[in-house]
Amino acid sequence: MTPPSLFPEVLTCVLSRVFHIETMANNSSVQDMDCRHKDFPVSSILFSELEREPAILALTITAAVLCVATVILYFLTIKFIYAHRRLEGMKINKYKVIVMLGLYPLVSCVCMLSLLLPRTTMIAELTIAMYMALCIIMFVRIVVDYMGGFKAVCKEMEGEEMSFRTGPCCCCCCCPGVNKQRVNRVNLKRVNFMTLQGAVVRPVITVLALILWADNRYILGEDMSPSAASLYLNLIGAVSSMVAMWAMMVTFRSLRVRLSDYNIGKKFAALQLTIVVVNLQGFVFQILAKYNIPECVKALSSTVRAYRSDHFLLIVEMLLLMIFARFAFRRKEESYRPPSREVTNTEPQPPPQTYL
């Protein structure tokens with residue numbers, strides 16, 4: 001069977017798992033009502049549970065309102081960016097900023113989708129992981145663009161060193177063999193490759209996970225035995241994400257002093273907080289689910305309720321982080337001027353203005 005003919009079958013299998021064909025849902029409805037059944041329920045069973053739980057229904061409606069608010073704030077910020085697209089000498093590609101800011105509404109929307117359609121939780125988790133890898137690349141490129149590109153960074157930092165002893169891979173007494181490296185084209189390409197690998201590894205892991213999930217060989221948050229493929233996929237994904245974050249930290253620490261006028265610290269904090277919150281919070285809820293916290297309620301197992309609680313909190317947190325990112329990015333900025341260049345204009349330059 002050729003690969004083109006295999007793809008429709010895989011896609012059909014994935015879609016059938018998401019929407020769970022009605023005959024399968026009817027045959028397994030009794031099993032879904034049992035706490036021992038740990039699979040994510042279909043939407044019809046979920047809505048029947050929500051009808052008996054007004055508090056959960058109210059929280060779901062609240063999450064939908066917060067999700068819409070996050071999307072509205074995103075488009076308002078994008079409107080400002082398009083209105084100030086032509087900045088003096090600025091080489092920033094505005095689409096990179098738009099893509100990076102899209103992390104907050106995307107996380108909020110896919111979490112809202114998983115609250116309404118529990119079977120899409122797997123797709124939501126993989127989508128968030130892929131988009132975060134893309135945002136790490138965008139941040140590194142934005143920082144380099146502020147300086148005028150990779151060639152300008154090499155010229156501006158000629159003779160200086162960049163430290164690779166930073167988190168999350170190497171910090172303090174860890175990695176004693178990792179020393180400071182001179183800023184040159186080779187080392188910048190290495191940093192660039194460290195971020196790019198995340199954008200390649202994550203989609204491959206996502207495709208493999210979806211294929212295994214469609215064949216009932218990948219159970220989200222459950223099967224982590226040494227013989228399970230999910231253990232190794234998650235391990236590879238975690239290492240790839242840490243390497244990409246390491247490259248982002250190296251770039252930020254090397255250029256943050258020169259780019260202090262561009263709110264680069266707040267822009268970095270907005271992205272880093274999102275990555276930490278999504279990963280750490282999800283890890284905590286997975287551990288709690290192993291100890292049946294929160295407790296199973298009929299069709300909703302501990303794992304299902306843990307993911308739903310995690311996604312509801314993420315929707316709230318994405319709104320707060322979107323507001324923070326709005327303060328960091330919604331600025332009219334002048335082009336970068338190296339401090340070592342000769343000043344030909346003695347008139348004082350106005351500082352970057354913030355439009356709130």
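Residues numbered from 1 in each chain as written. Predicted model: local features only at pLDDT ≥ 70, side-chain atom pairs only at ≥ 80, totals over all residues. Heavy atoms only, no water.

Undergrad: Would you take a moment to explain the overall build of the protein chain for this structure?
TA: Each helix and strand in the protein chain was counted, giving 13 helices and 4 strands. Across the protein chain, contacts joining residues at least 24 apart in sequence account for 76% of those joining residues at least 6 apart. When the accessible surface of the protein chain is totalled, it reaches about 18900 Å², and 65% of it is carbon and sulfur. (Helix = DSSP H or I, 4+ residues; strand = E, 2+ residues; numbered from the N terminus. Contact = heavy atoms within 4.5 Å. Areas by Shrake-Rupley, 256 points an atom, 1.4 Å probe, with all protein chains shown as cover.)

Undergrad: How should I be thinking about the packing of aromatic side chains in this particular structure?
TA: Where two aromatic rings form a pair, the distance of their centres and the angle of their planes describe that pair. By the definition in use, this model includes 3 aromatic pairs. Centroid distance Tyr-74 to Phe-75: 5.4 Å. Interplanar angle 65 degrees. Geometry classified as edge-to-face. Both rings, one in Phe-252 and one in Phe-268, keep their centres 4.1 Å apart while their planes meet at 5 degrees; by these two values the pair is stacked. With Phe-252 in helix α11 (residues 229-255) and Phe-268 in helix α12 (residues 264-290), this residue pair connects regions lying 16 residues apart in the sequence. The pair formed by Phe-252 and Phe-268 is uniform in burial state, with each residue classed as buried. Pairwise contacts between aromatic rings join Phe-139, Phe-252 and Phe-268 into one cluster. (Phe/Tyr/Trp six-rings, centres within 6.5 Å; stacked < 30°, edge-to-face > 60°. Buried < 20%, exposed > 50% of the residue type's maximum accessible area, 1.4 Å probe, protein only.)

Undergrad: What is the right way to read α12 from this model?
TA: Along an α-helix, residues three or four positions apart point the same way, because every turn accommodates 3.6 residues. Here α12 spans 39 Å end to end across 27 residues, near enough to the 39 Å set by a 1.5 Å rise per residue. When α12 is considered as a whole, its buried residues turn out to be Ile-264, Lys-267, Phe-268, Ala-270, Leu-271, Thr-274, Ile-275, Val-278, Gln-281, Gly-282, Phe-285 and Ala-289. Of the surrounding secondary structure, the elements contacted by the buried residues of α12 are α6 (94-101), α7 (103-116), α8 (121-147), α11 and α13 (302-329). Immediately beyond the C-terminal end of α12, within one or two residues, lies Asn-292, with a positive phi of roughly 55 degrees. (Expected span 1.5 Å × (residues − 1).)

Undergrad: Looking at this structure, I do not really get a nonpolar patch on the surface. What am I missing?
TA: Together, Val-276, Leu-280, Phe-283, Val-284, Ile-287, Leu-288, Tyr-291 and Ile-293 make up a nonpolar patch on the protein surface, roughly 750 Å² of accessible area in all. Tracing the chain through its elements places Tyr-291 in the loop between α12 and α13. (Patch = residues over 30% accessible without salt bridge, like charges linked within 9 Å, V, L, I, M, F, W, Y side chains within 5 Å. Salt bridge = Lys/Arg side-chain N within 4 Å of Asp/Glu carboxyl O.)

Undergrad: What exactly am I supposed to notice about the environment of Glu-160 here?
TA: Relative to the helices and strands, Glu-160 is located in the loop between α9 (150-156) and β1 (161-162). Here Glu-160 falls in the partly exposed class, since its relative accessible area comes to 29%. If we skip the residues at most four places from it in the chain, Glu-160 touches Gln-181, Arg-182, Val-183 and Arg-258.

Undergrad: I'm lost on unusual backbone geometry in this one. Help?
TA: Both trends apply: most residues other than glycine have a negative phi, and most peptide bonds are in trans. Cis geometry is adopted by the peptide bond preceding Pro-294, which originates at Ile-293 and carries an omega value of 0 degrees. If you check the backbone angles, Asn-292 has positive phi at about 55 degrees while not being a glycine. Relative to the helices and strands, Asn-292 resides in the loop between α12 and α13.

Undergrad: Mind showing me how you'd approach the nonpolar core here?
TA: Ranked by internal contacts, the top residues of the largest apolar core, which has 68 residues, are Leu-101 and Phe-139. At 15 residues, α8 tops the list of elements feeding residues into this core. Aside from chain neighbours lying at most four places away, what touches Leu-101 is Tyr-74, Thr-77, Ile-78, Ile-81, Met-322, Ala-325 and Phe-329. Residues Leu-126, Leu-220, Leu-233 and Val-304 belong to the second largest nonpolar core, which totals 16 residues. (Core = buried A, V, L, I, M, F, W, Y, C linked by side-chain atoms within 4.5 Å.)

Undergrad: Can you walk me through the pattern of salt bridges in this structure?
TA: This model, assessed by the stated rule, comprises 1 salt bridge. Its salt-bridge partner being Asp-145, residue Lys-96 comes within 2.6 Å of it at the nearest N-O pair. Placement of Lys-96 in helix α6 and of Asp-145 in helix α8 is noted, with a sequence separation of 49 residues between them. In this structure Lys-96 comes out as buried when scored by relative accessible area, which is 16%. Given the relative accessible area of 14%, Asp-145 is considered buried.

Undergrad: I tried to follow the environment of Leu-73 on my own but got confused; where do I start?
TA: In this fold, Leu-73 is placed in helix α5 (residues 54-83). Discounting residues that sit within four places of it in the chain, Leu-73 has contacts with Leu-319, Met-322, Ile-323 and Arg-326.

Undergrad: Explain the packing of α8 against helix α10 (residues 185-214) to me, please; I cannot follow it from the model alone.
TA: Helices that pack against each other are described as a pair by the angle of their axes relative to one another and the distance between those axes. Two numbers describe how α8 lies on α10: the axes approach to 9 Å, and their chain directions differ by 170 degrees. It follows that α8 is roughly antiparallel to α10 by the angle criterion. In contact with Met-122, Ile-123, Leu-126, Ala-129, Met-130, Ala-133, Ile-136, Ile-137, Val-140 and Arg-141 of α8, α10 contributes Asn-192, Thr-195, Leu-196, Gly-198, Ala-199, Arg-202, Pro-203, Thr-206, Ala-209, Leu-210 and Trp-213. Its residues assigned to classes, the contact of α8 with α10 shows 15 nonpolar, 4 polar and 2 charged. (Axes fitted to C-alpha atoms, helices over the stretch in contact; angles between N-to-C directions. Parallel < 35°, antiparallel > 145°, perpendicular 65-115°, else oblique. Nonpolar A, V, L, I, M, F, W, Y, C, P; charged D, E, K, R; others polar.)

Undergrad: Please explain α5 as it appears in this structure.
TA: With 30 residues, α5 extends 44 Å from end C-alpha to end C-alpha; this agrees with the ideal 44 Å at 1.5 Å per step. Here α5 has its buried residues at Thr-60, Ala-63, Leu-66, Cys-67, Thr-70, Leu-73, Tyr-74, Thr-77, Ile-78, Phe-80 and Ile-81.

Undergrad: I keep staring at the packing of α6 against α8 and nothing clicks. Help me out?
TA: Between α6 and α8, whose axes approach to 9 Å, the crossing angle comes to 145 degrees. Viewed along their axes, α6 and α8 form a crossing whose handedness is left-handed. Counted together, Lys-96, Val-97, Val-99 and Met-100 of α6 and Tyr-131, Leu-134, Cys-135, Met-138, Phe-139, Arg-141, Ile-142 and Asp-145 of α8 form the full contact between these two elements. For the contact of α6 with α8, a count of residues per class yields 9 nonpolar, no polar and 3 charged. (Left-handed = near helix turned anticlockwise from the far one by under 90°.)

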